[in-house]
Amino acid sequence: MLARHLERQAEWRTVLAAGLADRVGLDPATHLYPQLSAAMALAALDAVLQRWDASGGAEDPNGLLDDAFAVIAPALDRPTSRSS
């Protein structure tokens, strides 16, 4: 199951990076911002799911997701002018 999960996340990362790159006008093949942003978003989701599971479903997943994105938001604010 872990292998399948990682495979799906790689697929999601590619799709998220492409969508973000399009939205901000960057080439995901030559700029790190879309790929790193997608990876951070998926890492945040993983952390939220682990925390929610550890709480036995008692913690609010929406609140946890808000908290997680508040932590990574400064890194997502804007791409640097430098490519790759």
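Because the structure is predicted, anything quoted here is derived from the model rather than measured.

Undergrad: Mind showing me how you'd approach the overall build of the protein chain here?
TA: When helices and strands are tallied, the protein chain shows three helices and zero strands. Its helices and strands taken in sequence order, the protein chain reads α-α-α from the N to the C terminus. Seen through its principal axes, the protein chain has C-alpha atoms that stretch 45 × 30 × 15 Å. The burial tally for the protein chain puts 19% of its 84 residues in the buried class. Considering only contacts in the protein chain between residues 6 or more positions apart, those separated by 24 or more positions represent 51%. Within the structure as shown, the protein chain displays about 6,000 Å² of accessible surface, and the carbon and sulfur contribution to it stands at 58%. For the protein chain, the distance from the average position of its 7 positive side-chain charges to the average position of its 11 negative side-chain charges is 7 Å.

Undergrad: Which parts of the structure should I look at to understand the environment of Asn62?
TA: Position of Asn62 among the secondary structure elements: in helix α3 (residues 61-76). With a relative accessible area of 54%, Asn62 lands in the exposed category. Between the C-alpha atoms of Asn62 and Val24, which are 38 residues apart in sequence, the distance is 26 Å.

Undergrad: Mind showing me how you'd approach helix α1 (residues 2-24) here?
TA: Note on helix geometry: an α-helix contains 3.6 residues per turn, so any two residues three or four positions apart are oriented the same way. In this model, α1 (23 residues) spans 32 Å end to end at C-alpha, consistent with the 33 Å of a helix rising 1.5 Å per residue. For α1, every residue scored as buried is listed here: Gln9, Ala17 and Ala21. Looking at the packing, one finds that the buried side of α1 touches α2 (32-54).

Undergrad: I'm lost on a nonpolar patch on the surface in this one. Help?
TA: On the surface, Leu45, Leu49 and Trp52 cluster together into a nonpolar patch covering about 240 Å² of accessible area. For Leu45, the position within the fold is in helix α2. Given a relative accessible area of 31%, Leu45 falls into the partly exposed group.

Undergrad: Got a minute to help me understand the pattern of salt bridges in this structure?
TA: Opposite charge on two side chains allows them to pair when their charged atoms are near. With the rule as written, the count across this model stands at three salt bridges. For Arg8, the salt bridge identified is with Glu11, shortest N-O distance 3.3 Å. Of the two residues, Arg8 and Glu11 are both situated in helix α1; the distance of three residues between them amounts to about one turn of the helix. Residue class for Arg8 comes out partly exposed when judged on its relative accessible area of 31%. Across the salt bridge formed by Arg51 and Glu59, the nearest N and O atoms sit 2.9 Å from each other. On the accessibility criterion, Arg51 (49% relative accessible area) is partly exposed.

What counts, and where the lines are drawn
Residues numbered from 1 in each chain as written. Predicted model: local features only at pLDDT ≥ 70, side-chain atom pairs only at ≥ 80, totals over all residues. Heavy atoms only, no water. Helix = DSSP H or I, 4+ residues; strand = E, 2+ residues; numbered from the N terminus. Buried < 20%, exposed > 50% of the residue type's maximum accessible area, 1.4 Å probe, protein only. Contact = heavy atoms within 4.5 Å. Areas by Shrake-Rupley, 256 points an atom, 1.4 Å probe, with all protein chains shown as cover. Lys, Arg positive; Asp, Glu negative; His and termini not counted. Charge placed at Lys NZ, Arg CZ, Asp CG, Glu CD. Expected span 1.5 Å × (residues − 1). Patch = residues over 30% accessible without salt bridge, like charges linked within 9 Å, V, L, I, M, F, W, Y side chains within 5 Å. Salt bridge = Lys/Arg side-chain N within 4 Å of Asp/Glu carboxyl O.

None of this, on its own, says anything about what the molecule does.
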